[in-house]
Amino acid sequence: MGKTPLLSIFADALGASGAFLGAIVSVSTITGLVLKPFFGILSDRGGRRVWLLIGTCFFAFMPFLYGFISSTEQLFVIRLAHGLATAIYGPVTLAYIAELSRGDTGGLRSDPRCRSADADPSVAENIGWFQMARSGGYIVGPALAGGLLTVMDPATVFTVIGLISCAVFVPVLQLPDTRPEKRQKRKPLLQHVRNAIRDGGRTPAIWLTGSLESITFVALYTLKAFLPIYALDAGVSVALVGSFFSLQEAMHVIAKPYCGRLADRRGHLLSISAGMLILAASLPLVHVVDAGATFLAPALMMGLAQALIFPAAIALVSDRISPEHLGAGMGLIGMMQNFGKVAGPILGGLAIQALGYEATLLCLSAMLVLGTVVIWVVYPPRRMASATH
């Protein structure tokens, strides 16, 4: 609710425009780009639950501050601080779900809310269910915020967001912690950070999946930024353009848990590769198809590709990195994802300016295919199984 269209409208009402308005909208993403690995490391040290509570505090209490904002500079600072919420929640939630899915919870393995230690892990499937719920918020939130804006001013809508967010404490306080009952003496923080970064740097799965997800987000966010413009120029109706992105997200949301289950059974690397190839095939079709209903066909392919890639990528990293540094690994992956989100429209715009729209889509498609080839040539399955560090 707090992002689209509410934030842009609020910033515009305060007088923001042009590049500074764009900076206000994107600054929370940049916060996550920088800090996600650090918060992942802190959750490795202090446990996931305490950091889920801290993240919830940011989500619940920060919206109440928007009512006191009177300038664009103040809004920028608040958005910078508000970005800490997603910087915390991103790596911590994923590491938490991975631990519960695998039963890596120390003394909590007998907790009925945790997965049995003897059960087959279903990390990708559980990540898929989690991301399905989160994506539901992305679908419902903007519509709800837009409706509230018809009867309230933007600052009041943010207050409503804060009230709704306070309800999150109810389920979060009931979550079990994943810290083992018997813990070894903690290392000094700086040493822990160095060890985590070294461990992550020596884990091929992190760089492999992080790089592939960055490429994927560059392609997807380039399309989000420029498809509407070129589709309208080609005579496609604005309603059809909106339906394209809605259908893409709907397919992505619905298919995530089922693609995650498939990845758990058939192999995470295979699922990522299939998703990359499907996405590569769909990009050129966006330019080839006509302005009729077939314009929506690539949207279904893109949604399916995302569902195949993202849960499997998280599960693959949780398989390969040391449990001691699981949060750090999730943070590094999140950092690379945010880089793709931020860089996508910028790099895409430069490529379109230099090569043209159609050629840019072909280049992005070729990058995805090349990334898939790298998976199987540089990191074949047998090597990935043994090259944890």
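Analysis parameters
- Residues numbered from 1 in each chain as written.
- Predicted model: local features only at pLDDT ≥ 70, side-chain atom pairs only at ≥ 80, totals over all residues.
- Heavy atoms only, no water.
- Helix = DSSP H or I, 4+ residues; strand = E, 2+ residues; numbered from the N terminus.
- Buried < 20%, exposed > 50% of the residue type's maximum accessible area, 1.4 Å probe, protein only.
- Contact = heavy atoms within 4.5 Å.
- Areas by Shrake-Rupley, 256 points an atom, 1.4 Å probe, with all protein chains shown as cover.
- Expected span 1.5 Å × (residues − 1).
- Bend = angle between axes of the 7 residues up to and from the residue.
- Patch = residues over 30% accessible without salt bridge, like charges linked within 9 Å, V, L, I, M, F, W, Y side chains within 5 Å.
- Salt bridge = Lys/Arg side-chain N within 4 Å of Asp/Glu carboxyl O.
- Core = buried A, V, L, I, M, F, W, Y, C linked by side-chain atoms within 4.5 Å.
- Phe/Tyr/Trp six-rings, centres within 6.5 Å; stacked < 30°, edge-to-face > 60°.
- pLDDT = per-residue confidence, 0-100.

I keep staring at the overall build of the chain and nothing clicks. Help me out?
Of the regular secondary structure elements, the chain holds 15 helices and zero strands. Counting the 389 residues in the chain, one finds 50% classified as buried. The long-range share in the chain, meaning contacts at least 24 apart out of those at least 6 apart in sequence, stands at 83%. Within the structure as shown, the chain displays about 17500 Å² of accessible surface, and the carbon and sulfur contribution to it stands at 67%.

In this structure, what is going on with helix α13 (residues 326-355)? I would like to understand it.
Side chains that are three or four residues apart share a direction in an α-helix, a result of its 3.6 residues per turn. Look at α13: 41 Å from first C-alpha to last across 30 residues, which is about the 44 Å you get at 1.5 Å a residue. The largest bend in α13 comes to about 40°, at Ala-343, with the proline Pro-345 one to four residues further on. Where α13 terminates, the next one or two residues include Gly-356, which has phi positive at roughly 100°.

For this particular structure, what's the right way to read a nonpolar patch on the surface?
Together, Leu-277, Val-369, Leu-370, Val-373, Val-374 and Val-377 make up a nonpolar patch on the protein surface, roughly 490 Å² of accessible area in all. Examining the composition of the nonpolar patch, we find that five residues originate from one element, helix α14 (residues 357-378), more than from any other. Secondary-structure assignment places Val-373 in helix α14.

Honestly, the nonpolar core in this entry has me stumped. Any pointers?
Within soluble globular proteins, side chains that are nonpolar generally end up buried alongside one another. Counting residues in hydrophobic clusters, the biggest one holds 57 residues, and the most contacted among them are Leu-223 and Phe-244. Where this core is concerned, the elements lending two or more residues are α4 (72-102), α5 (123-149), α9 (204-233), α10 (238-266), α11 (268-288), α12 (297-320), α13 and α14. The leading source of residues in this core is α9, at 13 residues. Residues Phe-10, Ala-16, Ile-24 and Tyr-66 belong to the second largest nonpolar core, which totals 19 residues.

Just to check I follow, could you spell out the pattern of salt bridges for this structure?
A side chain of one charge can pair with a side chain of the opposite charge if their charged atoms are brought near each other. Counted under the stated rule, the structure contains three salt bridges. Among the ionic pairs, Arg-48 bridges to Asp-44, the shortest N-O distance being 2.8 Å. The same class applies to Arg-48 as to Asp-44, namely buried. Notably, a salt bridge pairs Glu-99 with Arg-48, separated by 2.9 Å at the nearest N-O pair. With Glu-99 in helix α4 and Arg-48 in helix α3 (residues 48-61), this pair connects stretches of sequence that are 51 residues apart. Where salt bridges share partners, they join Asp-44, Arg-48 and Glu-99 into one cluster.

Just to check I follow, could you spell out the packing of aromatic side chains for this structure?
Geometrically, a pair of aromatic rings is defined through the distance of the ring centres and the angle of the planes. Within this structure, the stated rule accounts for twelve aromatic pairs. An angle of 25° between the planes, with centres 5.9 Å apart, marks the rings of Phe-20 and Phe-76 as stacked. On the criterion of sequence distance, the pair formed by Phe-20 in helix α2 (residues 18-46) and Phe-76 in helix α4 is long-range, its members being 56 residues apart. Assessed through its relative accessible area of 27%, Phe-76 is described here as partly exposed. Note on Phe-217 and Phe-310: the rings are 5.0 Å apart at their centroids and 10° apart in plane angle, and the pair reads as stacked. Of this pair, Phe-217 sits in helix α9 while Phe-310 sits in helix α12, and the two are 93 residues apart along the sequence. Put simply, the rings of Phe-10, Tyr-66 and Phe-158 pair up and form one aromatic cluster.

Explanation requested: the environment of Pro-204 in the structure shown.
With respect to the secondary-structure elements, Pro-204 resides in helix α9. Placed 117 residues apart in sequence, Pro-204 and Ile-321 show a C-alpha to C-alpha distance of 9.1 Å.

Would you mind going over the confidence of the model for the chain with me for this structure?
Where the model shows low pLDDT, its predicted coordinates should not be examined in detail. Looking at the chain as a whole, its pLDDT mean stands at 82, while 88% of the residues score no less than 70. When pLDDT is averaged over each helix and strand of the chain, the minimum, 49, is found for helix α15 (residues 381-386) and the maximum, 94, for helix α6 (residues 154-166). Across residues 105-119 the pLDDT falls below 50, and counting only partners more than four positions away or on other chains, this stretch makes 30 contacts in the model. Counted against residues more than four places away or in other chains, residues 382-389, with its pLDDT under 50, gives 20 contacts.

Would you mind going over α4 with me for this structure?
Helix length check: α4 (31 residues) gives 46 Å between terminal C-alpha atoms against 45 Å at 1.5 Å per residue, within 8%. Most of α4 sits inside the fold, with 24 of its 31 residues counted as buried.

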